[in-house]
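# Observations on the three-dimensional arrangement
Residue-level listing of the chains:
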Amino acid sequence: MRTSSKMDSNERRVMMLRLTLLIVFVFQVNGEVLNAVGGSVPAYRPPQDNSQSKVLGQSAGHRQPIGDQSQRSQNQGLSGADGQRKQPVAGKPTAFRLSESRECADDIIKHCNPKIYKNNFAILDCLQYDTKIMEDLSEVCQHFLWKYKLNLTQDDRFDYAAGEVCKQELSQNKECSELGKGKGLIIPCLVDNIVNITGNCRTYLEKMARIVFSDYRLIYHFVDQCGKDITQFSCGRVAPLDENDVHSQGKTLECLADKIGDLADGCRKQLLRVAELQADDYHLDRQLYYACREDREHLCDEVPAGGGKIYECLFKHKFNEKMSPKCKQMLTVRQQLIAQDVKVEKTFYSACHQDMKEHHCFKKDTEEGGDFRRATILLCLENAIKTEKHISAECQAEMAELRQELMEDYSISPEILSDCKTEIQESCDKGLERGGKTIHCLMDLARPDRDQRGHKQHKPITAKCRRALEALIQEADPASDYRMDRVLQKACEPVVQAGCKHIQPGDARVISCLMDHLDSEIMQDECEERLMEIQYFVARDFRLDQQLFKKCRRPARELCGVKGDWLESRHKDDKKPAYVVACLFRHFKQEKEKKGRKGDPANAEKGVSKQCKIEIKRVMKQRAQRVQLKPEIEQACLRDLGMHCSDSDDPGTNQEIACLQEHYDTLDPECQDVIGNFTEDEDEMPELDIILMKACTPMISKFCDTDENVDEDDTDDIMECLIENKNRKDMNEKCRAGIEHHQLISMKNFRFDHKFKEACKRSVSKFCKNKKTKNEVISCLSEHVRNDTLLDEKQRIDRVCRKQLRVEVLERGEDIHLDRKLEEACHNDIKQKCEGLESGNAKTIECLKSHQKTLSNACHKVLFKREKEEAVLGDYKVHSVCKRMIKMFCNDKEEEDEILPCLKKNKDNPDFDDKCHQLITKREIAENKDYRLNPDLQKKCRLDIPKFCSDILKTQKNDDELQGKIVTCLRKKFAVKRLSNGCNSVIKDIIKDSANNYMEDPVLATACEKEIFKYCGDEHEMAMKGRYPESRNKVEMVQVQDGNGRVVECLKQKFLNRIITNTVCKQEIERVIQESQIDINVDPLLHMTCQRDLQKFCGDLDTGEGRRMACLLAELEDHPKQISEKCLKELNKRKQLWELAAQGKPIEGFHDVYQQIVASPSKNYLLFVICSIIGVFFLVGITCGRVSKRVAKQNKMK
């Protein structure tokens, strides 16, 4: 209910009655004017044609005076018995009653109560009460009443009465007091200023107003200002030919009101002024009064007249089923007038007048007399509220009701009515659906929905209609309170009751709650649709989100060029819309990157406040659910949405954005750019990925050490935590799928991974400037790190980037889908060899590695490149399987190329995990096949490899595996002690490991494959864990170590027994035997058997360079009985092997001869023989030399 009257209806009626009696008394004392104002026509007869035309030929502004002699001679009350005209007695005018007139007596008896016969005003009200009564009146009575009212407003005695009752008011209004009497101007002039009049004069004028407003020609200056418009728009006639048609006059006002937007300024002001004067009492708006009289009785019978209360009540019931169409139509006309001047709305203007004045809402500088349009005033008051200025509760209540009316009825908004006429007619059921449905229809048309993107096309909404709709949304502001939109309220009330019941309406709190439940089970389709129609506009106008505007007004003004006033809609760059939320979020991220600002008060003053950050995150999260709520994305990607994402009839939460992300590589450049920005934000702020967060919120609480109020700096670690735990058995499947989708998208561009981008942006800009995809950047950076590592040079990639690069390499190695290049290269190989395996947990990649020898060239090439990168930067499988061992035996701060050597060093520890041990063995086998997979060997042997193995390097292609050739080359040089110290130690460890497991000697395994199966089958079966018929070399498929060197020992025994005939295999066995001769530590079986003897006889010697082996052999030669039986047996066997191996080894140089002698058990005997031979040659030389010398001397003397 709107503002109540200052006195109740009963008091008002009593007061009016008293005043009426007082006026009657005054008029009677001064000549009984009130009851004789029609004295000029007491015995009125229908005038003759000449007199009628004379009277009716006058315009409303220049009507014939009542004192005209031709008329006065006809009045009985002014004629004497002798027929001579009598002058009226001064102060005693002749009394006249309408009920006694011959022209209307019968009609008055028929339609009016006898109790009012003495009151001419009451009779006028009676006869004008209803259009049916007016139609039923005789033409003579209708003409007589018109003449009576015209004379009533022009009679100088009537002006005299006004002068008595309104003496003070006239003295204060020079315009009215200076008007001549008898011209019909004084009363209309006073009525025109009735707002400023009180007391007896006001009561008198209110009675006269009903007469004045019954015909527009009686209104002060109306015809002067509107004559041309009435003619131009065919709204009636100014000439009095139709003056007896009482209805045409009201229709003229209605017609002008309908054309108010096209009227001349003077006429428009006059029309609005009339509407203002009618605002207090609906009886004064005769056309509305006639149309709504019965509706008032049905719907507003208990509402007292006055103060605009009847209007208010009728507006509220406008869409009631009982409301008549004609009344609805007239109410709409009046509401359209209110749109042009809020003073036409009495209750609103009365409640808000002081607030308007206080906040300067009239804008007198823009329009003469002030701008009283509803939109201007309402926006001004809303601006005051949103900028936290005071507005009275009474005014706010009126504003709320007015906003509800705006959202409920499109026809009361002139701009919508005119600018959206075509859309309403063609697409919105011709506007027949009221109650807000037509407005929501237009809002739906404004959205580029799915039909516009890919399926049937319909005519888009015009720019003018869109602007009108935007203006209406701003004016009604339904986003601040869902109750302002009845359609939205009705659709969403069940959802509000189920999920937002505890939320206090207002300040957009309920709307925000509904947005939070957009994808919840309680959300209903109808509510979601209506909510999206509102949010579509909110997302495109920063000001419409009340909480966001309130908290972020200052930073938006200072950082994004938005004027701080809620009324302002322009930004610094008018050519391109400024997306304020995106701008604020960008500054929010910049502040996060530059934390130094926090300590600077000046920068903190200009930055984004904490409250604003909270609102930005809320808005970003809510709007991430639908692409239509991301205007920057929708505008740039409309074509791509239609091309790639139009198949689904119901694009769920975030599905369209996910679709665009999946097709990122094929998007238009502009769309690609905005999707890239959003994806980058999504990685930095995981809550923007609604699908992921919905599935993973419980998992975050379970696996990640965080709480609900996670600090903004910790959000970066959420995705890393989820990725790290995604393969755990108790991980939710939907969450795992969401994580994998996030990973796949992040691989499309390196900047989509926020942590990676921030850690490596300098290195990327310097070394990998032209790389775009994440895989390209990883490979580029990995190559630099690998080269610097192997060359033992200062790292060009900084430590922070290397650390994050390790994370990215590990992440890529977990799932082949995350390595697009590898997946494409190995597509057919995966189908043939690894079909049915899960892609995650590195299963597919490990399968490919196990079939490496039979892979296609393209697949083998890419896979080998990945292995090289993993060797330096991180091996996912090693980190996954050996996580506990790494923590137990290795320093977490160690570089990645040091992790695997650390594990290899400790793999024989009793506490070492079996699965990890098996995996480390597999990695050792791979390293021994190609030295490039062993960074430790590459670093320590970088001088030895080109020195001794250059021939192999020259003949081998870069991307082809060397199949153990380089390692075998170095092993040979180890046997002859020609390697550098660092390289020697690495090769020694390799030889030792291969003695335990022949598969770590790939050349031996390949050369002796048949012999192993033929002669060492039992030992091999013990070593085999599985067979792979697809492989050409089954030996290479052994998954575990071969039983502490059983297979190698078996081959040695068969070689000793001269069973093996394969020359290539024999040569490799000879090599292995000769390697073990150099250092006892590389012969695990001998070392273990003779461990006590070594301690007993050689404990004081340092290991290395074969010292302990030489010591043990010397002891065997000198004191064989002191050596233990088992050690003696094993040493004798080794001696036989060495001798046999030496026989088969070709001598390649003097160095080989020396090595053979030194290594021989009979070296002392050999040395004695050699020395004897040299001695013999020396003696012979001396003797022969003397003889030859003597002969030469004799010859010389001759």
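What comes next concerns the included structure. (Residues numbered from 1 in each chain as written. Predicted model: local features only at pLDDT ≥ 70, side-chain atom pairs only at ≥ 80, totals over all residues. Heavy atoms only, no water.)

Our next topic: the overall build of the chain. Of regular secondary structure, the chain possesses 67 helices and zero strands. Counting only residues that meet the buried cut, the chain has 54% of its 1198 residues in that class. In the chain, of all internal contacts separated by at least 6 residues, the share reaching a separation of at least 24 is 65%. Summing over all exposed atoms, the chain offers an accessible surface of approximately 58200 Å²; the carbon and sulfur share of this is 49%. (Helix = DSSP H or I, 4+ residues; strand = E, 2+ residues; numbered from the N terminus. Buried < 20%, exposed > 50% of the residue type's maximum accessible area, 1.4 Å probe, protein only. Contact = heavy atoms within 4.5 Å. Areas by Shrake-Rupley, 256 points an atom, 1.4 Å probe, with all protein chains shown as cover.)

Moving on: helix H51 (residues 914-929). The end-to-end C-alpha distance of H51 is 23 Å, a good match for the 22 Å that 16 residues give at a rise of 1.5 Å each. Of all 16 residues in H51, 12 are buried; the element is thus mostly enclosed. You can read the cap of H51 off the contacts: a side-chain oxygen lies 3.1 Å from the backbone nitrogen of lysine 915, and it is on aspartate 913. (Expected span 1.5 Å × (residues − 1). Polar contact = N/O pair within 3.5 Å; in protein donor to acceptor, adjacent residues only side chain to side chain.)

With that settled, the discussion passes to the pattern of salt bridges. If you walk through the whole model with that rule in mind, you get 68 salt bridges. Between glutamate 680 and arginine 751 there is a salt bridge, and its shortest N-O distance comes to 3.0 Å. Residue glutamate 680 is found in helix H37 (residues 669-684), and its partner arginine 751 is found in the loop between helix H40 (733-746) and helix H41 (754-767); the two are separated by 71 residues along the sequence. Residue arginine 751 is classed as buried on the basis of its relative accessible area, which comes to 19%. Here glutamate 924 makes a salt bridge to lysine 907, at a shortest N to O gap of 2.5 Å. Here glutamate 924, found in helix H51, pairs with lysine 907, found in the loop between helix H50 (896-906) and H51; they are 17 residues apart in sequence, far enough to count as distant. Each of the two residues, glutamate 924 as well as lysine 907, counts as buried. Overlapping salt bridges, with partners in common, bring together Glu846, Lys849, Glu870, Asp875, Lys922 and Arg923 in one network. (Salt bridge = Lys/Arg side-chain N within 4 Å of Asp/Glu carboxyl O.)

Take the state of the cysteines next. Counting across every chain of the model gives 30 disulfides. The side chain of cysteine 941 participates in a disulfide bridge whose partner is cysteine 983; the two sulfur atoms lie 2.1 Å from each other. Its torsion about the S-S bond being 100°, the disulfide of cysteine 941 and cysteine 983 is classed as right-handed. Highlighted residues: cysteine 941 in the loop between helix H52 (935-940) and helix H53 (944-948) and cysteine 983 in helix H56 (residues 981-996), separated in sequence by 42 residues. Under the relative-accessibility criterion, cysteine 941 is labelled buried at 0%. A sulfur-sulfur distance of 2.0 Å marks the disulfide that ties cysteine 1098 to cysteine 1111. With the S-S bond torsion at -95°, the cross-link from cysteine 1098 to cysteine 1111 turns out left-handed. (Disulfide = S-S within 2.5 Å.)

Right, let's get into a nonpolar patch on the surface. The grouping of Tyr1165, Leu1166, Ile1170 and Ile1174 at the surface amounts to a nonpolar patch, some 390 Å² of accessible area in total. Residue placement: isoleucine 1174 occurs in helix H67 (residues 1163-1197). Taking relative accessible area as the criterion, isoleucine 1174 reaches 53% and is therefore assigned exposed. (Patch = residues over 30% accessible without salt bridge, like charges linked within 9 Å, V, L, I, M, F, W, Y side chains within 5 Å.)

What follows is about the nonpolar core. Note that soluble globular proteins tend to have their nonpolar side chains buried in a common cluster. Counting 63 residues, the largest nonpolar core has Phe348, Met356, Leu381, Ile416, Leu442 and Leu514 as its most contacted members. For this core, the elements supplying multiple residues, two or more each, are helix H20 (346-358), helix H21 (374-386), helix H22 (393-408), helix H25 (437-446), helix H27 (463-476), helix H28 (486-499), helix H29 (509-516) and helix H30 (525-538). Among the elements that make up this core, the one with the highest residue count is H30 (seven residues). Once residues within four sequence positions are removed from consideration, leucine 514 is found in contact with Cys492, Val495, Val496, Cys500, Met523, Cys527 and Leu531. (Core = buried A, V, L, I, M, F, W, Y, C linked by side-chain atoms within 4.5 Å.)

Let us now look at the environment of leucine 943. Looking at where leucine 943 falls in the secondary structure, it is placed in the loop between H52 and H53. For leucine 943, a relative accessible area of 66% corresponds to the exposed category. Once the C-alpha coordinates of leucine 943 and serine 980 are considered, the two residues, 37 residues apart in sequence, prove to be 8.4 Å apart.

Further remarks concern the packing of H22 against H27. Two elements in contact, H22 and H27, have axes whose closest approach is 9 Å; the angle formed by their N-to-C orientations is 155°. The pairing of H22 with H27 is recorded here as roughly antiparallel in orientation. Once H22 is placed against H27, the crossing between them reads as left-handed. Between H22 and H27, the contacting residues are Arg403, Leu406 and Met407 on the first element and Leu472, Ile473, Glu475 and Ala476 on the second. Residues belonging to the contact of H22 with H27 are distributed by class as follows: five nonpolar, no polar and two charged. (Axes fitted to C-alpha atoms, helices over the stretch in contact; angles between N-to-C directions. Parallel < 35°, antiparallel > 145°, perpendicular 65-115°, else oblique. Left-handed = near helix turned anticlockwise from the far one by under 90°. Nonpolar A, V, L, I, M, F, W, Y, C, P; charged D, E, K, R; others polar.)

Turning to unusual backbone geometry, a few remarks are in order. Non-glycine residue glutamate 388 carries a positive phi angle of around 60°. Within the fold, glutamate 388 resides in the loop between H21 and H22. Positive phi values are uncommon outside glycine, yet alanine 842 reaches one of about 60°. Among the secondary structure elements, alanine 842 is positioned in the loop between helix H45 (827-833) and helix H46 (843-850). Accessibility expressed as a relative area gives 2% for alanine 842, which makes it buried.

The next point concerns H20. With 13 residues, H20 should cover 18 Å at 1.5 Å per step; its first-to-last C-alpha distance of 19 Å lies within 8% of that length. Along its length, H20 reaches its greatest deviation from straightness, about 55°, at cysteine 352. Packing partners of the buried residues in H20 comprise helix H18 (309-316), H21 and H22. Residue histidine 360 follows H20 closely and has a positive phi angle near 55°. (Bend = angle between axes of the 7 residues up to and from the residue.)

To continue, consider the packing of H20 against H21. Contact geometry for H20 and H21: axes closest at 11 Å, N-to-C directions at 55°. The pairing of H20 with H21 is recorded here as oblique in orientation. For the pair H20 and H21, the crossing hand works out as left-handed. For the pair H20 and H21, contact is made by Phe348, Cys352, Asp355 and Met356 and by Ile377, Leu378 and Leu381, respectively. Counted by class, the contact of H20 with H21 contains six nonpolar, no polar and one charged residues.

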